[in-house]
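Structural overview
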Amino acid sequence: EEAGRLDVRQALTIARELASALEHVHDAGVIHRDLKPANVLLDAQGRARLADFGLARAEDLPSLTSLFAIPGTPVYLSPEQVRGLPLEPALDVHALGLLLFELLTGERAFGGSSLEEIVQSIARDPAPEIRTLRPEVPASVSALLARCLEKDPARRPPDGRALGVALRSLDLGELRQA
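The following paragraphs examine the structure supplied in this document. Note that this is a predicted model, so its numbers are computed, not measured. The written sequence of each chain sets the order in which its residues are numbered from 1. Local features in this predicted model are restricted to residues of pLDDT 70 or higher, and side-chain atom pairs are both shown and tallied only at a pLDDT of 80 or more, whereas totals for entire chains, interfaces and linings draw on every residue. Just so you know, side-chain values use all the structure's heavy atoms and leave hydrogens and water out.

1. Quick word on the packing of helix H3 (residues 90–105) against helix H6 (residues 139–148)
Our working rule: Lines are fitted to the C-alpha atoms to define the axes, a helix being fitted only along its stretch in contact, and any angle between axes, read from their N-to-C directions, falls within 0 to 180 degrees. A run of H or I in DSSP counts as a helix once it spans at least four residues, and a run of E counts as a strand once it spans at least two, with each numbered from the N terminus. Each angle is binned into one of four classes, with values under 35 degrees roughly parallel, values over 145 roughly antiparallel, values of 65 to 115 roughly perpendicular, and all other values oblique. The hand of a helix crossing depends on one turn: near helix anticlockwise from the far one by less than a right angle means left-handed, and clockwise means right-handed. The criterion used for residue contact is that any of the two residues' heavy atoms lie within 4.5 Å.
Where H3 meets H6, the closest approach of the two axes is 8 Å, and the angle between their N-to-C directions is 135°. In this view, H3 runs oblique relative to H6, as classed from their interaxial angle. Considering the relative orientation of H3 and H6, their crossing is left-handed. Touching Val 93, His 94, Gly 97, Leu 100, Phe 101 and Leu 104 of H3 are Val 141, Leu 145 and Cys 148, all from H6.

What follows is the structure, encoded as structure tokens:
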């Protein structure tokens, strides 16, 4: 593989493992809020494990975060986080979509040279179409990734459980060795 990107099957395996972890987190009424590469660990068997729940909070508890402080790592924030909207498990789905995009391309979906540019890009810019960067990615994977990266959280899979179901239902038979 090219530097910084994984085989499509490998990337989807990691995404499935992380969605399974989010399923448990969300079922417990918790939102992780800081899903990023540094918070994904690989165990001795190479399975992905979700770590660092320092920013996690229960869905039904108010946030104590200052109005002017943005929690989390800027390039992995969801549009609703940068807009200061109510937070739901769909924000972790967005972050997992960003991770999958990065695993598949070796690039970040949104960026900029300053915090302000990054935040504006997340809030405003459409996510790049994965198949323009990686044509061999199956259409079903591209469509699911596009749903995960929707600006409107209501258009994303609502939580880790729904994302896990969608990831497990992908037809990997359409994959050439990518």
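Moving on, there is more to tell.
2. A look at the nonpolar core
Here is the rule: Within this scheme, the nonpolar core is defined by two criteria: the residues are buried Ala, Val, Leu, Ile, Met, Phe, Trp, Tyr or Cys, and they are joined through side-chain atoms within 4.5 Å. Each residue's exposure class comes from its accessible area (1.4 Å probe, protein chains only) as a fraction of the maximum for that residue type: buried when under 20%, exposed when over 50%, partly exposed otherwise.
Of all hydrophobic cores here, the largest spans 41 residues; its most connected members are Leu 18, Leu 35, Leu 96, Leu 163 and Leu 167. Looking at this core, the element that brings in the most residues is helix H1 (residues 8–27), giving 9 residues. Non-local contacts of Leu 96, meaning those with residues more than four positions away in its chain, are made with Ala 15, Leu 18, Ala 19, Leu 22, Leu 35 and Leu 163.

3. So, H1
To be explicit about the condition: The span you would expect from a helix comes to 1.5 Å times its residue count less one. Polar contacts, as counted here, are pairs of nitrogen or oxygen atoms within 3.5 Å of one another; within protein the pair requires one atom able to donate a hydrogen and one able to accept it, and residues that are adjacent in sequence qualify only if both atoms are side-chain atoms.
Here H1 is 20 residues long and its end C-alpha atoms lie 28 Å apart, about the 28 Å a rise of 1.5 Å per residue gives. Among all positions of H1, only Val 8, Ala 11, Leu 12, Ile 14, Ala 15, Leu 18, Ala 19, Leu 22, Glu 23, Val 25 and His 26 are buried. Those residues of H1 hidden inside the fold are in contact with strand E1 (30–31), strand E2 (40–42), strand E3 (48–50), H3, H6 and helix H7 (160–168). Its side-chain oxygen at 2.9 Å from the backbone nitrogen of Arg 9, Asp 7 defines the N-terminal cap of H1. Taken from the residues just after H1, Gly 29 is the one with a positive phi, measuring 80°.

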